[in-house]
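Here are the chains, one letter per residue:
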Amino acid sequence: MRIQSVTEPGTPGRANEDFAGTVAPAAGTGGALVLLDGVTAPPGPYGCAHPVAWFSAALGGTLLELAGTRRDMALADCLAAAIAATADRHRTTCDLSHPRTPQATAVCARWDGVRVEYLVLSDSALLVEDQDGAVRAVLDTRLDDLRPAARRLPPERRAAFVEGLRNAEGGFFTAAADPSVARLALTGSVPRGEVRRLAALSDGLGRWVETFAFGDWSDLFGELVTAGPCAAVERVRAAETADPLGQGFPRVKAHDDASVILVEL
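A. Structural context of the overall build of the protein. Along the backbone of the protein there are 7 helices and 10 strands. In terms of overall size, the protein behaves like a compact globule, its C-alpha atoms giving a radius of gyration of 18 Å where 265 residues would be expected to give roughly 18 Å. Judged by the C-alpha coordinates and their principal axes, the protein covers about 50 × 45 × 35 Å. Expressed as a percentage of its 265 residues, the buried residues of the protein come to 49%. Considering only contacts in the protein between residues 6 or more positions apart, those separated by 24 or more positions represent 69%. Counting every atom, the protein has about 11800 Å² of accessible surface; 52% of that belongs to carbon and sulfur. Counting 26 positive and 34 negative side-chain charges, the protein places the centres of these two groups 2 Å from one another.

B. Summary view of the sheet that holds strand β7 (residues 135–139). As summarised here, the arrangement of the 5 strands in space is β1-β10-β9-β6-β7, forming an open sheet in which the pairing is antiparallel. Single-partner strands in this sheet number two, and they are β1 (2–8) and β7. Strand-to-strand twist of the sheet, defined as the mean angle between neighbouring strand axes without regard to direction, takes the value 15 degrees. Its contacts with the sheet place helix α5 (residues 203–210) against β9 (195–201) and β10 (258–264), and it is angled at close to 85 degrees to β10. Packing of helix α6 (residues 217–226) onto the sheet brings it into contact with β6 (125–130), β7, β9 and β10, and relative to β9 it is tilted by some 100 degrees.

C. Quick look at the side chain of Ser202. Within the secondary structure layout, Ser202 lies in the loop between β9 and α5. Take Ser202: its relative accessible area is 0%, and that puts it in the buried class. A distance of 3.1 Å separates a polar atom in the side chain of Ser202 from a polar atom in the side chain of Asp18. One polar contact links the side chain of Ser202 to the main-chain amide nitrogen of Ser259, over a distance of 3.0 Å. Among residues more than four places away in sequence, those in contact with Ser202 are Asp18, Leu35, Asp37, Ser124, Asp257, Ala258 and Ser259.

D. Spotlight on the packing of aromatic side chains. With the rule as written, the count across this model stands at 3 aromatic pairs. An angle of 65 degrees between the planes, with centres 5.1 Å apart, marks the rings of Phe212 and Phe249 as edge-to-face. Of this pair, Phe212 sits in the loop between α5 and α6 while Phe249 sits in the loop between α7 (229–242) and β10, and the two are 37 residues apart along the sequence. Taking the relative accessible area as the measure of exposure, Phe212 reaches 5% and is therefore buried. By way of ring pairs, the aromatic residues Trp208, Phe212, Phe214 and Phe249 are connected into one cluster.

E. Structural detail: the sheet that holds strand β5 (residues 115–121). As summarised here, the arrangement of the 5 strands in space is β2-β3-β4-β5-β8, forming an open sheet in which the pairing is antiparallel. At either end of the open sheet lies a strand with only one pairing partner, and these are β2 (18–23) and β8 (186–191). Neighbour-to-neighbour, the strand axes of the sheet open up by a mean angle of 10 degrees, direction not taken into account. Packed on one face of the sheet, helix α1 (residues 52–69) meets β2, β3 (31–38) and β4 (104–111) and runs near 160 degrees to β3.

F. Just the pattern of salt bridges, in detail. Under the definition given, this model contains 17 salt bridges. For Arg142, the salt bridge is made with Asp140, and the minimal N-O distance between the two is 2.9 Å. Put simply, Asp144 and Arg147 hold a salt bridge, and the shortest N to O gap is 3.2 Å. Of this pair, Asp144 and Arg147 both sit in helix α3 (residues 142–151), 3 residues apart, which is roughly one turn of that helix. Given a relative accessible area of 35%, Asp144 falls into the partly exposed group. Taking relative accessible area as the criterion, Arg147 reaches 34% and is therefore assigned partly exposed. Within this structure, Glu8, Arg207, Arg237 and Glu240 form a network of salt bridges that share partners.

G. Structural context of the packing of α5 against α7. Contact geometry for α5 and α7: axes closest at 9 Å, N-to-C directions at 75 degrees. Classified by the interaxial angle, the pair formed by α5 and α7 is roughly perpendicular. Touching Gly204, Leu205, Arg207 and Trp208 of α5 are Ala232, Val233, Arg235, Val236 and Glu240, all from α7. The residue makeup of the contact of α5 with α7, split by class, is 5 nonpolar, 1 polar and 3 charged.

H. Molecular detail of the packing of α5 against α6. Two elements in contact, α5 and α6, have axes separated by 9 Å at closest approach and are oriented at 120 degrees. When the axes of α5 and α6 are compared, the pair comes out oblique. Regarding α5 and α6, the two cross each other, and that crossing is right-handed. Here Leu205, Gly206, Trp208, Val209 and Glu210 of α5 lie close against α6, whose contacting residues are Trp217, Asp219, Leu220, Glu223 and Leu224. Taken together, the residues of the contact of α5 with α6 break down into 6 nonpolar, 1 polar and 3 charged.

What counts and how
- Note that residues are indexed from 1 along each chain, following the sequence as it is written.
- Since the coordinates come from a predicted model, pLDDT governs what is reported: local features require at least 70, and pairs of side-chain atoms require 80 or more to be given and counted, while whole-chain, interface and lining totals use all residues.
- Excluding hydrogens and water, the side-chain figures rest on all heavy atoms present in the structure.
- By definition, any uninterrupted DSSP run of H or I lasting at least four residues is a helix, any uninterrupted run of E lasting at least two residues is a strand, and each is numbered from the N terminus.
- Values of the radius of gyration come from C-alpha atoms, whereas the globule rule sets the reference at 2.2 Å times the count of residues to the power 0.38.
- Whether a residue is buried, partly exposed or exposed follows from its accessible area with a 1.4 Å probe, protein chains only, as a fraction of its type maximum: under 20%, in between, or over 50%, in that order.
- We call two residues in contact whenever any of their non-hydrogen atoms come within 4.5 Å of each other.
- Using a 1.4 Å probe, the Shrake-Rupley method yields the accessible areas, and only the shown protein chains count as cover for residues.
- By the counting scheme adopted, Arg and Lys are positive, Glu and Asp are negative, and His together with the chain ends is not counted.
- Just so you know, the charge point we use is NZ for Lys, CZ for Arg, CG for Asp and CD for Glu.
- Strand pairing is assigned whenever DSSP detects at least two bridges linking the two strands.
- Axis definition: a line fitted to C-alpha atoms, over the contacting stretch in the case of helices. Angles run 0 to 180 degrees between N-to-C directions.
- Polar contacts here mean pairs of N or O atoms no more than 3.5 Å apart (in protein, one a potential hydrogen donor and the other a potential acceptor; neighbouring residues in sequence count only if both atoms are side-chain atoms).
- Stacked, edge-to-face and tilted labels apply to pairs of Phe, Tyr and Trp rings (six-membered ring for Trp) whose centres lie within 6.5 Å, assigned for plane angles under 30 degrees, over 60, and everything in between, in that order.
- What counts as a salt bridge is simple: a side-chain nitrogen of Lys or Arg found within 4 Å of a carboxyl oxygen of Asp or Glu.
- Each angle is binned into one of four classes, with values under 35 degrees roughly parallel, values over 145 roughly antiparallel, values of 65 to 115 roughly perpendicular, and all other values oblique.
- For this classification, Asp, Glu, Lys and Arg are treated as charged, while Ala, Val, Leu, Ile, Met, Phe, Trp, Tyr, Cys and Pro are nonpolar and the rest, including Gly, are polar.
- Left-handed describes a crossing in which the near helix is turned anticlockwise from the far one by less than a right angle; the clockwise case is right-handed.

Here's what the structure looks like:
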């Protein structure tokens, strides 16, 4: 087993709101990974005394421990327990009912000699390569599915439309303070013998495909394997720098935190 990981803030000197962690062996065999992308808080109060980076670290560390040591728990149950434990750490000082209480996307995978389990919530991604080199992207598309309807609205109403569907019926979901959201994550498993490699990545690196269109998910996976995770992040950074105002490649932020974990089983 070989594991490579890179995580880099979008802006030097600003806190990285991603979390990337691995454990191997986990509970004596196999391993686990967790990658979170903290949702940047809006300007002004958001009900919490803690920065988003604190939340990502607290939730990510707890989820990694549970995924690695509690093989009797499904990954969705691990996420629910991690959300509850993290909420308990700051519910007495913070308003966890605020719609923008700190939150994050989540990718988690766990493997042993029998199977590979996975969980994806919101717009980070998990790429799974089989023994023949075919790559499958496990994606939660609920946020992307809202964008066509948003584009039909006047520009000044689009952001509010999407924001109103955050953690709401018919919308999209992130890990915040409600453990029940874990049951809405995409989950599944694959026989261990069918998987050669895994890659978990935040949408900051997902820009390689979704914003700058260097290729598809399989092409990105190939670059991660052949050139390495650092090279893939550097390519996105160069494209961001070449288009600082987002005129050629529209995006919410000029630069975004970028993280990836590449595992060769």
